[in-house]
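Report on the structure
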Amino acid sequence: GDSVTQTEGPVTVSESESLIINCTYSATSIAYPNLFWYVRYPGEGLQLLLKVITAGQKGSSRGFEATYNKETTSFHLQKASVQESDSAVYYCALGGGAGNTGKLIFGLGTTLQVQP
Amino acid sequence: DTTVKQNPRYKLARVGKPVNLICSQTMNHDTMYWYQKKPNQAPKLLLFYYDKILNREADTFEKFQSSRPNNSFCSLYIGSAGLEYSAMYLCASRTGGKDTQYFGPGTRLLVL
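Residues numbered from 1 in each chain as written. Chains lettered and ligands numbered in written order. Predicted model: local features only at pLDDT ≥ 70, side-chain atom pairs only at ≥ 80, totals over all residues. Heavy atoms only, no water.

Observations concerning the sheet that holds strand 7 (residues 65-70) of chain B
Residues and elements named next belong to chain B. Spatial ordering of the open sheet is given by 1-3-8-7, a layout of four strands whose pairing is antiparallel. A single partner strand is all that each edge strand has here, and the edge strands are strand 1 (4-7) and strand 7. In this sheet, adjacent strand axes meet at a mean angle of 20° when their direction is disregarded. (Pairing = 2+ DSSP bridges. Helix = DSSP H or I, 4+ residues; strand = E, 2+ residues; numbered from the N terminus. Axes fitted to C-alpha atoms, helices over the stretch in contact; angles between N-to-C directions.)

What to know about the state of the cysteines
Applying the stated criterion to the full structure yields two disulfides over all chains. What pairs with A:Cys23 in a disulfide is A:Cys92, and their sulfur atoms sit 1.9 Å apart. Across the S-S bond linking A:Cys23 and A:Cys92, the dihedral sits near -70°, which makes this disulfide left-handed. Linking A:Cys23 in strand 4 (residues 23-26) with A:Cys92 in strand 10 (residues 88-95), this pair joins segments that are 69 residues apart in sequence. A single burial state applies to A:Cys23 and to A:Cys92, both of which are buried. Paired by a disulfide, B:Cys23 and B:Cys91 hold their sulfur atoms 1.9 Å apart. The chirality of the disulfide connecting B:Cys23 with B:Cys91 is left-handed, given an S-S dihedral of about -80°. Remark: B:Cys91 occurs in strand 9 (residues 87-94) and B:Cys23 occurs in strand 3 (residues 19-25); sequence separation between them is 68 residues. (Disulfide = S-S within 2.5 Å. Buried < 20%, exposed > 50% of the residue type's maximum accessible area, 1.4 Å probe, protein only.)

Here we look at the side chain of B:Ser24
Following the sequence through the fold, B:Ser24 ends up in strand 3. When its relative accessible area of 15% is taken as the criterion, B:Ser24 is described as buried.

Concerning the sheet that holds strand 7 (residues 58-61) of chain A
Residues and elements named next belong to chain A. If you trace the four strands from one edge of the open sheet to the other, you get 3-9-8-7, paired in antiparallel fashion. Two strands bound the open sheet, and with one partner strand each, they are strand 3 (19-21) and strand 7. Sheet twist, expressed as the average angle between the axes of neighbouring strands with direction ignored, equals 20°. Of the pairings in the sheet, the one linking strand 8 (residues 64-67) to strand 9 (residues 77-79) comprises three bridges and is antiparallel in character. Residue pairing for strand 9: Ala66 is matched across the bridge by Leu77.

Quick look at the pairing of strand 7 of chain A
Residue and element names in this part refer to chain A. Of the strand pairs in this sheet, strand 7 and strand 8 are connected by four bridges, and their pairing is antiparallel. Residue pairing in the sheet places Lys58 in a bridge with Thr67 of strand 8. The turn linking strand 7 back onto strand 8 is made up of two residues, and Arg62 within it adopts a positive phi angle of 55°.

As for the pattern of salt bridges
Enumeration according to the criterion identifies four salt bridges over all chains in this entry. Where A:Glu65 meets A:Lys58, a salt bridge forms, and the shortest distance between an N and an O atom there is 3.6 Å. For A:Lys103, the salt bridge is made with B:Glu57, and the minimal N-O distance between the two is 2.6 Å. With A:Lys103 in the loop between strand 10 and strand 11 (105-106) and B:Glu57 in the loop between strand 6 (53-56) and strand 7, this pair bridges two chains. On the accessibility criterion, B:Glu57 (18% relative accessible area) is buried. (Salt bridge = Lys/Arg side-chain N within 4 Å of Asp/Glu carboxyl O.)

Description of the nonpolar core
If you look at the biggest cluster of nonpolar residues, it comprises 28 residues, and the most contacted ones within it are A:Trp37, A:Leu49, A:Leu50, A:Phe75, A:Leu77 and A:Tyr90. Of all the elements in the fold, those that place two or more residues in this core are strand 2 (11-14), strand 3, strand 4, strand 5 (34-40), strand 6 (47-52), strand 8, strand 10 and strand 12 (110-115) of chain A. The residues contacting A:Tyr90, other than those within four sequence positions of it, are A:Gln6, A:Ile21, A:Trp37, A:Tyr38, A:Val39, A:Leu49, A:Phe64, A:Leu77, A:Gly109, A:Thr110 and A:Leu112. Of all hydrophobic cores here, the second largest spans 22 residues; its members include B:Ala13, B:Tyr49, B:Ala81 and B:Cys91. (Core = buried A, V, L, I, M, F, W, Y, C linked by side-chain atoms within 4.5 Å. Contact = heavy atoms within 4.5 Å.)

What about the interface of chain A and chain B?
On the chain B side, the residues contacting the 19 residues of chain A number 21 residues. Considering only the surface of chain A that becomes buried against chain B, A:Leu46, A:Lys103 and A:Phe106 emerge as the three largest contributors, covering 27% of it. Remark: the boundary between chain A and chain B carries six residue pairs in polar contact (both at pLDDT 80 or more). Contributions of two or more residues to the side of chain A that touches chain B are made by strand 5 and strand 6 of chain A. (Buried area = accessible area lost by both parts, 1.4 Å probe. Polar contact = N/O pair within 3.5 Å; in protein donor to acceptor, adjacent residues only side chain to side chain.)

So this is what it looks like as structure tokens:
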């Protein structure tokens, strides 16, 4: 089936350190997967961090980057230097199914705690 | 304004009683979604409206109802709440053909 697996949290890093949150997907029923990272800051709703709809492309936002790798079915989220304000829950999501209804399949989420 | 609103933010319900959750958006989006999020689980799509057409996921087909009286509003209705319905309910919307979904803050439902 279609699924998303991501780094199990919580992940704790110190401010200015680098970060990688792994995400791999299985898209057995989706011909052209679209990949997303959503983030939920404390007290707020889920919001889109970045998206990539074409294999081989890289998306970036707020210093975060993720490359859509079709060969390894991965979409890892990286940041070179995290800030305390990056503390949040990060969700990798898969979309682009039949009819492109917009249905998203989410991973479990990874809680990131950035220590000052 | 890319805001999706949800009411109430917190809801306490008794087992066997109905529950009605409300979502609204003013972005004129044609599609509205409802997801369920339980602790230590991924958000899971329950159903969505594309314009006036309701699509429900097969495994939750009989558990949830929804209505969309106009483009801006969408409700999620539980006819008889059970303990297993305790969860965060997330509403989202998007414009057809666009990939980005905009999410509301969620309604936390606790069934006792």
